[in-house]
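Geometric and topological summary
So the chains spell out like this:
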Amino acid sequence: MTVPALLLQMAVPGSHANRIADTFNPVATPAHMEKGIAILTIAICAVIFVVVGGMIVYAFVHYRAKRDEQEFEEPPQVYGSNQIELAWTVIPILIVFVLIGVSARVIRGIQAHKPAPHSNPVYATVVGHQWWWEVHYPDLGITTANEIHMPVSQKGNHATFFTLESADVDHSFWIPQLSGKTDVIPNRNNFLWMDPSKAGVYIGQCAEYCGTQHAHMGLRAIVQPVPEFKKWAAWQAKPAVEDPSVAKDKAVFDSLACINCHTVRGTIAQGKFAPDLTHLMSRQTLGAGVLSNTPQHLRDWVNDPQKYKVGCKMPDMHLDDQQLTEVVAYLETLK
Ligand code: CUA
């Protein structure tokens, strides 16, 4: 594991050893291009470090006071040198312009990329919220949260194109192995695309400070072979499962204020402020990555979200034990 990978793993909540947010292990074109710039920048900085450090060490050693010197002698004083001053002005300017040029070329290459005709692009809209991610696939009729499913892309086919929006403050959308950070800004649409070449789960994270729970604004990109992605999409597009065995529990859920914020498609729950729960149980985490999605965690979370994510907009509903059991029993059927 590289050092940056280690640091990132510590910084990204809910990540495991086998799911590392590693900028130096790219699996999509934008991330490959950005890795190139990162290595160039590190190489240039390393050369500067060696040259400057080398000169300092040389000066220390070469000009230090000699033991046998009887008297301190002032070295020759040099005032001004056109060559040296020109060199340390022109060389940094050249370096800066090289880095600007290379970065601009890559940014343009990413921004200007359009799907080729007949390449089966997937379109997704991601909306940053305090502190979770809303994900829409307008063409597929899917709304989900904190998890982005993408097909594996080959030769430009099945790439995913994102429109990035914010519902409140600035956030930054970042899945290190797939692409660099792109700011998510209110009243503005930003664009990004990814063509992941390998199936897997890639950890993402909000990368712009956006309030107390900024660090707990995780997301997961789940890259699947095309047929699996299609299966997932077909299931997600369906309205919520109606399980008659939890009709009583559903009635309790429908009677609570939960439905003012959450949507369960096909039911009276049509709230738009919070994550869509239609297929809640198909997701891996709760609270944008703070808890893994197990029945016990779901109960803990509904019971007191503020305990796990202080300041998040979901309040403690003060449900009694029985209500809690009923609500969770219903939610667990939302596969
Ligand atoms: Cu959203 Cu930081």
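Everything that follows concerns the structure shown earlier in this document.
Notes on the structure in this doc start here. Small disclaimer: the values here were computed from a predicted structure and weren't measured.

1. Section: the packing of helix α7 (residues 295–303) against helix α9 (residues 321–331)
- Relative to each other, α7 and α9 sit at 125°, their axes nearing to 10 Å. Regarding the angle of α7 to α9, the classification is oblique. Between α7 and α9 lies a crossing of right-handed hand. In this structure, α7 uses P295, L298, R299, V302 and N303 to contact α9, whose residues at the interface are D321, L324, T325, V327, V328 and L331.

2. Observations regarding unusual backbone geometry
- Note that the residue after Q130, namely W131, is joined by a cis bond; omega there is 0°.
- Within the secondary structure layout, W131 lies in the loop between β1 (122–129) and β2 (132–137).
- The phi dihedral of N187 falls on the positive side, at around 60°, and the residue is not glycine.
- Mapped onto the secondary structure, N187 falls in the loop between β7 (179–184) and β8 (190–194).
- Classification of N187 by relative accessible area gives exposed; the value is 84%.
- In the Ramachandran plot, A288 falls in the positive-phi region, its phi being about 55° despite a non-glycine side chain.
- Note on placement: A288 falls in the loop between β11 (285–286) and β12 (291–292).
- A relative accessible area of 2% means that A288 is categorised as buried.

3. Let's talk about the packing of aromatic side chains
- Scanning the model with the defined rule gives nine aromatic pairs in all.
- Grouping aromatic residues by their ring pairs yields a cluster made of Y123, F161 and W193.

4. Quick word on the sheet that holds β1
- Strand order in the open sheet formed by five strands is β3-β2-β1-β5-β8, and the pairing between neighbours is mixed. Strands at the two margins of the open sheet, each flanked by one partner only, are β3 (142–145) and β8. Between one strand axis and the next, the sheet turns through 25° on average, direction left out of account.
- Note that strand β5 (residues 160–166) and β8 share five bridges and pair antiparallel.

5. Structural notes on the sheet that holds strand β4 (residues 147–151)
- Strand order in this open sheet of three strands is β4-β10-β9, and the pairing throughout is mixed. Every interior strand has two partners, whereas the edge strands, β4 and β9 (200–205), have only one. When the angles between neighbouring strand axes are averaged without regard to direction, this sheet yields 25°.
- Note that β4 and strand β10 (residues 218–224) share five bridges and pair parallel. Residue pairing for β10: M150 is matched across the bridge by V223.

6. A closer look at the pattern of salt bridges
- On inspection of all chains with the given rule, the structure shows four salt bridges.
- Linking R265 and D276 is a salt bridge whose minimum nitrogen-to-oxygen distance equals 4.0 Å. Within this pair, whereas R265 is found in the loop between α6 (258–261) and β11, its partner D276 is found in the loop between α6 and β11, the two being separated by 11 residues in sequence.
- Exposure remark for R265: the relative accessible area of 19% places this residue in the buried category.

7. A few points about the pairing of β9
- Burial analysis of β9 places five of its six residues in the buried class, the great majority of the element.
- Note that β9 and β10 share six bridges and pair antiparallel. Pairing of Q205 across the sheet is with G218, part of β10.

8. Notes on the environment of V52
- Tracing the chain through its elements places V52 in helix α2 (residues 29–62).
- Taking the relative accessible area as the measure of exposure, V52 reaches 41% and is therefore partly exposed.
- Between the C-alpha atoms of V52 and K35, which are 17 residues apart in sequence, the distance is 26 Å.

9. Notes on the side chain of E326
- Within the element layout of this structure, E326 appears in helix α9.
- What makes E326 buried here is its relative accessible area of 9%.
- E326 has contacts with K248, D249 and V252, leaving out every residue within four places of it along the chain.

Cut-offs applied
- Residues numbered from 1 in each chain as written.
- Predicted model: local features only at pLDDT ≥ 70, side-chain atom pairs only at ≥ 80, totals over all residues.
- Heavy atoms only, no water.
- Axes fitted to C-alpha atoms, helices over the stretch in contact; angles between N-to-C directions.
- Helix = DSSP H or I, 4+ residues; strand = E, 2+ residues; numbered from the N terminus.
- Parallel < 35°, antiparallel > 145°, perpendicular 65-115°, else oblique.
- Left-handed = near helix turned anticlockwise from the far one by under 90°.
- Contact = heavy atoms within 4.5 Å.
- Buried < 20%, exposed > 50% of the residue type's maximum accessible area, 1.4 Å probe, protein only.
- Phe/Tyr/Trp six-rings, centres within 6.5 Å; stacked < 30°, edge-to-face > 60°.
- Pairing = 2+ DSSP bridges.
- Salt bridge = Lys/Arg side-chain N within 4 Å of Asp/Glu carboxyl O.

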